[in-house]
Amino acid sequence: MKIHLKVWRQRNGESKGYLEDHQVEADEHMSFLEMMDVLNEDLVSKKETPVAFEHDCREGICGSCNMVINGQPHGPDSGTTTCQLHMRSFKDGDTVVVEPWRAVAFPVIKDLIVDRSSFDRIIQAGGYISVNTGQAQDGNAIPIEKGRSAFAMDAAECIGCGACVAACPNASAMLFTSAKVAHLGTMPQGEVEQSTRVQSMVKQMDLEGFGMCSNTGACEAECPKGISITNIALMNRQYAGSVLGSEKSV
Amino acid sequence: MELKSNIPEGKIATKWENYRGKMNLVAPNNKRRLEIIVVGTGLAGASAAATFGELGYKVKCFTFHDSPRRAHSIAAQGGINAAKNYQNDGDSVYRLFYDTVKGGDYRSREANVHRLAEVSRNIIDQCVAQGVPFAREYGGLLANRSFGGVQVSRTFYARGQTGQQLLLGAYQALSRQISLGNVEMYNRHEMLDLVKIDGKARGIIARNMLTGKSERFPAHCVVLATGGYGNVFYLSTNAMGSNVTAAWRAVKKGALMANPCYTQIHPTCIPVSGEYQSKLTLMSESLRNDGRVWVPNKVEDAEAIQRGEKTALDIEESDRDYYLERRYPAFGNLVPRDVASRAAKVACDEGKGVSKTGLAVYLDFAAAIQRYGKSAAISQGIKNPNDDKIIELGEAVVKEKYGNLFQMYEKITAENPYKMPMKIYPAVHYTMGGVWVDYNLETNVPGLFCLGEANFSDHGANRLGASALMQGLADGYFVIPYTVGPFLSKEIRTPQIDANSPEFLAAEKETNEKLERLIKIQGNQSVESFHRRLGKIMWEYCGMARDAEGLKKGRQMIRDLRAEFYNDVFVPGEVNEFNPELEKASRVADFLELGEVMMLDALDRDESCGGHFRSEYASEEGEAKRNDEDYAYVAAWEWDEIEPKVHKEHLEFKDIELKTRSYK
């Protein structure tokens with residue numbers, strides 16, 4: 001199958017980007033990234049610079065890959081990362097536009113690669129439980145109700161890819177941040193610090209330049225792991241409670 | 001060179017406790033002045049860096065990823081073993097120790113494995129405290145499941161994403177130390193050299209991948225936790241970026257590569273579908289509980305399938321060879337990984353493979369669907385159900401058990417595994433070999449330590465399921481924080497290491513020259529094409545079955561390929577810029593050397609054990625034949641461009657009797 005690609009090229013963060021046209025001979029069994037490999041092999045054989053894109057595990061769990069394909073983060077299939085998307089989702093002769101995540105807090109590094117270290121800094125602001133190695137009690141000393149644990153796990157499945165930000169018209173990181181707040185705060189081990197955690201993480205999120213949430217729900221629709229916006233509601237409630245009622249404000 | 005394992009004296013059960021109680025420690029006021037470099041942020045690296053930070057050391061931590069959370073530990077699915085005996089089913093530290101040594105086909109170091117089994121219990125406690133959402137029972141307590149090769153339920157899990165959840169736990173602990181200023185994190189930095197001063201490891205040269213500039217980083221000691229080297233085979237279940245470079249550069253500075261030929265090849269992966277394929281995907285081992293593995297009896301049938309003229313459904317029951325059930329009646333389709341993988345290869349070598357490439361076997365659920373369908377009909381009170389009804393009921397049961405895996409298979413292959421048997425083939429998954437370390441996880445270079453999959457110590461010649469996560473976290477949380485003491489306690493008077501010393505400047509210069517050399521070749525072939533060719537040589541001559549002749553030939557082919565690489569590779573761009581092709585080239589250059597040592601190691605080991613199968617050393621029935629008399633040793637290789645040299649550490653088995661593994 002022939003694919004007409006329009007790929008975002010940008011030499012670095014300072015330079016101006018543009019869409020570049022390429023023809024790729026693909027096979028319907030290829031993954032989308034393997035199709036990109038074919039393009040790059042072709043560019044290298046012509047001694048041109050290959051398209052830089054982020055990828056690693058290629059099985060949908062590391063959260064590295066991040067392409068906006070025909071306007072949709074991770075492409076047309078639901079519940080899939082870019083690396084899990086296959087070319088059979090496209091037709092022979094299709095034109096496919098490939099762009100990086102677009103958000104102020106995710107500046108472009110080169111071509112399709114963006115800087116997502118803002119996510120790391122949100123976690124560093126409080127996305128953890130303060131326990132040193134060796135301080136733990138026996139694992140079974142804290143029983144946790146099965147449903148509650150499952151709810152925490154649903155939130156913990158976030159892979160930190162940033163599709164939620166890319167999908168959001170305001171480039172908000174509320175889904176990412178709230179998933180961690182919900183994961184930790186739902187479990188008794190994490191409840192202790194929840195009040196300061198939610199304030200610190202939200203504060204950092206704002207500092208990084210992510211936008212506000214206006215409840216469009218695009219984040220949930222595009223999330224490859226199906227993280228629910230229920231987490232956002234939970235975080236909003238806890239944030240309000242924490243700011244108004246907490247003994248400590250961050 | 002004499003390899004000193006430094007195993008403490010005393011009984012195996014109390015060795016670690018006694019040693020820990022008496023070893024030299026570093027006082028808190030001194031810890032503040034001592035710097036530690038940790039390379040890698042997978043389970044071992046992240047847990048070590050976080051723990052060092054908590055203890056008060058000054059830590060610098062490095063990853064080539066954009067974030068520590070992306071390390072490939074994240075992709076581990078099944079679970080993590082621990083001798084908690086929460087199920088009251090007879091588990092104990094000794095049993096976990098025994099299972100691991102036996103599973104490794106008696107080629108691991110007893111004392112290290114026993115310590116691993118001891119600390120396994122602490123890992124679960126620590127992870128629960130960090131908020132890892134392990135699976136739970138209705139009563140709120142931790143759930144367990146069974147894994148291959150053992151008779152107890154000791155595997156803890158978080159759905160099919162145990163690795164992800166454990167890594168996020170370690171990543172969060174690390175993030176906390178970063179926020180407290182105890183750990184300085186260097187993302188997108190790749191270690192390209194080890195710096196030694198007066199024979200001790202004193203820092204690294206790392207390339208800032210964004211600017212392309214090599215930078216000098218000094219410390220009092222260096223800890224490598226950089227994972228396995230399965231990608232030397234090009235196609236594997238490893239992530240695309242997984243590589244041997246940090247470990248290999250340390251080997252080139254005098255560390256030793258131990259047992260590099262021990263590779264775990266996992267039997268149930270989705271087969272290669274074309275030349276363009278970049279990686280392989282694992283299908284859980286649990287599928288072999290209900291799937292039957294077969295190939296056609298007749299080569300003509302297999303060829304017709306390969307040409308696309310027939311499908312599995314056209315092959316009569318009597319024309320099918322359920323070869324695992326035939327060869328291993330006692331264990332059938334549930335033989336261990338190494339045995340199942342080899343048997344699949346034998347079938348395909350006979351020309352009976354069932355895909356376009358001839359490299360696949362069937363994993364068939366039709367019998368399970370029939371069986372479950374009939375019993376479902378009985379339990380639902382349906383009398384005289386027709387075939388369609390039975391299949392409908394049976395498929396529902398299979399869906400409930402394996403639905404997510406079937407869906408994943410269908411997503412990748414676009415074939416419906418309920419109707420058409422899955423096609424599977426073995427793939428490289430894990431490397432048991434790695435940098436040689438002693439009981440302290442210290443290499444033969446003083447001050448250089450190595451953890452997790454990157455070292456060789458705990459899994460012998462074959463790793464059991466759910467033990468990789470256990471080892472990574474054991475090393476990082478509960479071993480290295482102590483065992484770094486004997487070295488660092490002697491360094492409390494050593495001032496801050498000078499990054500402008502001649503050794504650092506020389507290493508930096510050498511690193512830059514290596515990178516420049518790659519760019520300057522300006523040949524005609526891509527890095528990828530060399531990597532692919534190397535992978536094929538490795539797979540052909542150092543894969544599931546090896547023999548002396550092939551290994552010699554393979555070694556020569558790698559040497560030729562390496563020469564060709566340095567003559568004709570094309571690397572675009574410049575050194576001092578963000579240049580992913582250059583990163584790849586530098587890693588493939590290292591694989592091209594490692595591959596040769598793997599061939600040599602496999603050639604040196606005139607026996608078959610675990611993942612290492614030499615066709616010359618097989619029983620009459622074609623099973624692996626170990627030679628404990630001559631080969632109960634660790635082969636640790638010193639790199640040399642002309643002739644790498646082997647050093648041996650003899651393995652002593654005092655607490656476990658050496659036996660033959662049989663699955664018939």
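Definitions and limits used
Residues numbered from 1 in each chain as written. Chains lettered and ligands numbered in written order. Predicted model: local features only at pLDDT ≥ 70, side-chain atom pairs only at ≥ 80, totals over all residues. Helix = DSSP H or I, 4+ residues; strand = E, 2+ residues; numbered from the N terminus. Rg over C-alpha atoms; globule rule 2.2 N^0.38 Å. Buried ≥ 20, exposed ≤ 12 C-beta atoms within 10 Å, placed from the backbone. Contact = placed C-beta atoms within 7 Å. Nonpolar A, V, L, I, M, F, W, Y, C, P; charged D, E, K, R; others polar. Pairing = 2+ DSSP bridges. Axes fitted to C-alpha atoms, helices over the stretch in contact; angles between N-to-C directions. Parallel < 35°, antiparallel > 145°, perpendicular 65-115°, else oblique. Left-handed = near helix turned anticlockwise from the far one by under 90°. Domains from an automatic or database assignment. Core = buried A, V, L, I, M, F, W, Y, C linked by C-beta atoms within 7 Å.

Enquirer: Just to check I follow, could you spell out the overall build of chain B for this structure?
Expert: A count of helices and strands for chain B gives 19 helices and 21 strands. For 664 residues, the compact-globule estimate of 2.2 N^0.38 gives 26 Å, and chain B sits close to it at 25 Å. Taking the principal axes of the C-alpha coordinates as reference, chain B spans close to 85 × 60 × 50 Å. Out of the 664 residues belonging to chain B, those deemed buried represent 58%.

Enquirer: Hey, could you run me through the interface of chain A and chain B in this one?
Expert: Many structure descriptions define interface size as the accessible area lost when the parts assemble. Between chain A and chain B, the contact holds 63 residues from the first and 61 residues from the second. Residue contributions to the side of chain A that touches chain B peak at six residues, all from helix H1 (residues 32-45) of chain A. Among the residues forming the side of chain A that touches chain B, the class breakdown is 24 nonpolar, 22 polar and 17 charged.

Enquirer: In this structure, what is going on with the pairing of strand S15 (residues 422-431) of chain B? I would like to understand it.
Expert: Looking down a regular strand, the side chains alternate between one sheet face and the other. All names here are of chain B. Among the ten residues in S15, ten count as buried, and that is most of the element. Here five bridges tie strand S11 (residues 263-269) to S15, and the two strands are oriented antiparallel to one another. Pairing of Gln 264 across the sheet is with Tyr 430, part of S15. Of the strand pairs in this sheet, strand S14 (residues 361-364) and S15 are connected by three bridges, and their pairing is antiparallel. The residue bridging Leu 363 from the neighbouring strand is Met 422, located in S15.

Enquirer: What is the right way to look at the environment of Ala 377 of chain B in this model?
Expert: Within the secondary structure layout, Ala 377 of chain B lies in helix H11 (residues 366-379). Overall, the presence of 19 C-beta atoms within 10 Å leaves Ala 377 of chain B in the partly exposed class.

Enquirer: Honestly, the packing of helix H16 (residues 527-542) of chain B against helix H18 (residues 580-604) of chain B in this entry has me stumped. Any pointers?
Expert: The geometry of a pair of packed helices is captured by two quantities: the angle between their axes and the separation between those axes. Residues and elements named next belong to chain B. The geometry of H16 relative to H18 is characterised by a closest axis approach of 10 Å and an angle of 15° between their N-to-C directions. Compared by their axis directions, H16 and H18 come out roughly parallel. Handedness of the crossing formed by H16 with H18: left-handed. Contacts from Val 527, Phe 530, His 531, Leu 534, Met 538, Tyr 541 and Cys 542 in H16 reach Glu 581, Lys 584, Ala 585, Val 588, Phe 591, Leu 592, Gly 595, Met 598, Met 599 and Ala 602 in H18. Looking at side-chain class alone, the contact of H16 with H18 contains 13 nonpolar, two polar and two charged residues.

Enquirer: Is there a simple way to think about the domain arrangement of chain B in this case?
Expert: All names here are of chain B. Under the domain assignment used here, chain B contains domain 1 (266-428) and domain 2 (505-650). Between domain 1 and domain 2, the C-alpha centre-to-centre distance is 34 Å. Counting residues at the interface gives five residues for domain 1 and five residues for domain 2. The biggest single contributor to the side of domain 1 that touches domain 2 is helix H10 (residues 337-349), with four residues. Residues belonging to the side of domain 1 that touches domain 2 are distributed by class as follows: one nonpolar, one polar and three charged.

Enquirer: Explain the nonpolar core to me, please; I cannot follow it from the model alone.
Expert: Side chains of a nonpolar character, in soluble globular proteins, are inclined to be buried together. All names here are of chain B. In terms of nonpolar packing, the biggest core is built from 281 residues, with Val 223, Leu 224, Val 361 and Val 435 touching the most fellow members. It is H18 that provides the largest number of residues to this core, a total of 13 residues. Beyond its immediate stretch of four places on either side in the chain, Val 223 contacts Ile 36, Ile 37, Val 38, Val 39, Ala 48, Phe 449, Leu 451 and Ile 480.

Enquirer: Is there a simple way to think about the sheet that holds strand S21 (residues 645-650) of chain B in this case?
Expert: The strands making up a sheet associate through backbone hydrogen bonding, with each pair oriented either parallel or antiparallel. Residues and elements named next belong to chain B. Read from one edge of the open sheet, four strands run S16-S10-S20-S21, paired in antiparallel fashion. Here the strands that pair on one side only, and so sit at the sheet edges, are strand S16 (434-435) and S21. Two elements, strand S10 (residues 257-258) and S16, share two bridges in a ladder whose sense is antiparallel. Counted as the bridge partner of Ala 258 is Gly 434 from S16.

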